[in-house]
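Residues per chain are reported as follows:
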Amino acid sequence: MSLYDDAVLVLKGYEGREQGQEQLRRAYLDHLAAHPDGMWKACEAGHVTASALVIDPSRGRVLLTLHRKLRMWLQMGGHCEPGDPTLAGAALREATEESGIAGLTLLPVGPVRLDRHPIPAPCNCHLDVQYAALAPDGAVEAVSEESLDLRWFTYDEVAGVADESVVRLVTSTLAALRPTS
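The rules behind each value
- Residues numbered from 1 in each chain as written.
- Predicted model: local features only at pLDDT ≥ 70, side-chain atom pairs only at ≥ 80, totals over all residues.
- Heavy atoms only, no water.
- Helix = DSSP H or I, 4+ residues; strand = E, 2+ residues; numbered from the N terminus.
- Expected span 1.5 Å × (residues − 1).
- Buried < 20%, exposed > 50% of the residue type's maximum accessible area, 1.4 Å probe, protein only.
- 1 Å grid on protein atoms, 1.4 Å probe; cavity = no way out; pocket = protein on both sides within 12 Å on 5 of 7 lines; lining within 4 Å.
- Points joined across faces, edges and corners; volume = space filled by probe spheres on them.
- Nonpolar A, V, L, I, M, F, W, Y, C, P; charged D, E, K, R; others polar.
- Axes fitted to C-alpha atoms, helices over the stretch in contact; angles between N-to-C directions.
- Parallel < 35°, antiparallel > 145°, perpendicular 65-115°, else oblique.
- Left-handed = near helix turned anticlockwise from the far one by under 90°.
- Contact = heavy atoms within 4.5 Å.
- Polar contact = N/O pair within 3.5 Å; in protein donor to acceptor, adjacent residues only side chain to side chain.

Trainee: Give me helix α3 (residues 87–99): which residues, what numbers.
Mentor: Its 13 residues give α3 an end-to-end C-alpha distance of 18 Å, which sits within 8% of 18 Å, the value for a rise of 1.5 Å per residue. Along α3, the positions that sit buried rather than exposed are L87, A90, A91, R93, E94, A95, E98 and S99. Positive backbone phi, approximately 75°, marks G100, located one or two places after α3.

Here is the structure:
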């Protein structure tokens, strides 16, 4: 199965319950239907990206990266690569590369959120499929070339350093961690 096919299956099965998530899901699927190259950075009409919020629930904190180009505190993530077998695999690869933490595991619920955001030219936007990655006990982070810094923030601190998209991702991740009744 191709990465494109995996993305379509993931998006068809995504059940985001928050406001606007169903509209985004349909928009992502429409975009991929109209753009067979919509998984790749070269697609200037916008492309699917994969990210993961690294979380340490036992200590009530998340790891954010100070993005080198954007100079914003963000979750780990970025462009899909031809060797990525799945969207989840791309998110896990990005989170591992950018955090320097070995042994991350994605929450088994699949994506926790979708977020479409504008990016500088020549492309129009990223259609980000957002996962959550659990940090193993004793995880030690290491700054990558894509980051100016990495830092752990408590859940409550995130709103003071990051934009609303990251705050929403933390909220969605915490909801995914709660057992359903």
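Trainee: Give a detailed account of the layout of surface pockets, specifying residues and quantitative values.
Mentor: Its boundaries defined by the atoms lining it, the largest pocket holds a volume of some 920 Å³. In terms of lining, the largest pocket is formed by 34 residues, of which the most central are H67, L70, H79, I119 and H126. Split by residue class, the lining of the largest pocket holds 10 nonpolar, 12 polar and 12 charged. What the second largest pocket holds in volume is close to 420 Å³. Along the walls of the second largest pocket sit 17 residues, with E15, G16, R17, P111 and A176 positioned nearest its centre. Sorting the residues of the lining of the second largest pocket by element identifies α1 (3–13) and α5 (164–177) as the ones contributing at least two each. Of the residues forming the lining of the second largest pocket, the biggest block, three residues, is contributed by α5. For the lining of the second largest pocket, the residue count by class is seven nonpolar, six polar and four charged.

Trainee: Can you explain the packing of α1 against helix α2 (residues 21–34)? Please cite residues and give values.
Mentor: Two numbers describe how α1 lies on α2: the axes approach to 10 Å, and their chain directions differ by 155°. Relative to α2, α1 is oriented roughly antiparallel. Considering how the two elements wind past one another, α1 and α2 form a crossing that is left-handed. Together, Y4, A7, V8, L11 and K12 of α1 and R25, Y28, L29, L32 and A33 of α2 make up the contact between the two elements. Its residues assigned to classes, the contact of α1 with α2 comprises eight nonpolar, no polar and two charged.

Trainee: Give a detailed account of the side chain of S99, specifying residues and quantitative values.
Mentor: Tracing the backbone shows S99 in helix α3. A polar atom in the side chain of S99 sits 3.1 Å from the backbone nitrogen of I101. For S99, the residues in contact, after removing those within four places along its chain, are L63, M76, L104, E141, A142 and L150.

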